[in-house]
Amino acid sequence: MKLSTLSQLDDAQASAVFKQCCSASRWVKLMVSAMPFRSKTAIQNAAARFWKSMRSADYMEAFDSHPKIGEPDSLKKKYWSTHSLAANEQSSVEQANDNVLQELAQYNNDYETKFGYIFIVCATGKTAAEMLELLKTRINHRPDQEIIIAAAEQAKIMSIRIDKFIEEE
């Protein structure tokens, strides 16, 4: 979408665009209220600034819109509005062997049990094996450490999605 097109959207339409980048409703409202943006850099700067003001409940809302790494069925069922983005972000998982996928599924479940939310990682450019190793490391963190890391990963995902959606003129 061109920057000029974004600027002409009403609040509901703009909310729908930003929600595809991050589903935290408070973040979306802040992004819409900051419109119009003069450049993609201005959008990225606002997105990062507003994300830093989010709280744990906002993180959970954003995390809930992500499919579990390596679970294609969840891409299709629960996350239809962002499934193509998430599928592209997780494309390396499709080439993973069954053992890696089984371990990913098990560690994902263990992670969710421990922390109360799914494993959030910016999957772009990572293989399934790399994501599994990150998961194995991060599952050992304390909850107060891990929420900070997961929120930073969400910020990376958000930034990549903004880059994919918004074009300069």
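The model shown is predicted, which means the values in this text are computed figures rather than measured ones.

## With respect to the side chain of Asp 58
Thinking step 1. Following the sequence through the fold, Asp 58 ends up in helix α5 (residues 56–63).
Thinking step 2. Among all residues touching Asp 58, those that are not within four sequence positions of it are Ala 24, Arg 26 and Trp 51.

## Notes on the packing of aromatic side chains
Thinking step 1. One pass over the full model with this rule turns up nine aromatic pairs.
Thinking step 2. Relative to Phe 115, the ring of Tyr 111 has its centre 4.6 Å away and its plane inclined at 50°; by these criteria the two rings are tilted. On the criterion of helical spacing, the pair formed by Tyr 111 and Phe 115 is a turn pair, its members being four residues apart in helix α8 (residues 98–115).
Thinking step 3. Taking the relative accessible area as the measure of exposure, Phe 115 reaches 12% and is therefore buried.
Thinking step 4. On the numbers, 5.7 Å between centres and 80° between planes, the contact of Tyr 111 with Tyr 117 is edge-to-face. Note on accessibility: Tyr 111 and Tyr 117 belong to one class, buried.
Thinking step 5. For the cation-ring pair, Arg 49 lies above Phe 50, with the distance from its terminal atom to the ring centre recorded as 4.9 Å.

## Things to note about the nonpolar core
Thinking step 1. Ranked by internal contacts, the top residues of the largest apolar core, which has 49 residues, are Leu 6, Phe 18, Trp 27, Met 31, Ile 43 and Trp 51.
Thinking step 2. For this core, the secondary-structure elements that each account for two or more residues are α1 (3–8), α2 (11–19), α3 (25–33), α4 (40–52), α5, α8, α9 (128–138) and α10 (143–165).
Thinking step 3. Looking at which element gives the most residues to this core, the answer is α10, with seven residues.
Thinking step 4. Discounting chain neighbours no more than four positions away, the residues touching Trp 51 are Cys 22, Ala 24, Trp 27, Asp 58, Tyr 59, Ala 62, Ala 151, Gln 154, Ala 155 and Met 158.

Cut-off values and rules
Residues numbered from 1 in each chain as written. Predicted model: local features only at pLDDT ≥ 70, side-chain atom pairs only at ≥ 80, totals over all residues. Heavy atoms only, no water. Helix = DSSP H or I, 4+ residues; strand = E, 2+ residues; numbered from the N terminus. Contact = heavy atoms within 4.5 Å. Phe/Tyr/Trp six-rings, centres within 6.5 Å; stacked < 30°, edge-to-face > 60°. Buried < 20%, exposed > 50% of the residue type's maximum accessible area, 1.4 Å probe, protein only. Lys NZ or Arg CZ within 6 Å of the ring centre and 35° of its normal. Core = buried A, V, L, I, M, F, W, Y, C linked by side-chain atoms within 4.5 Å.

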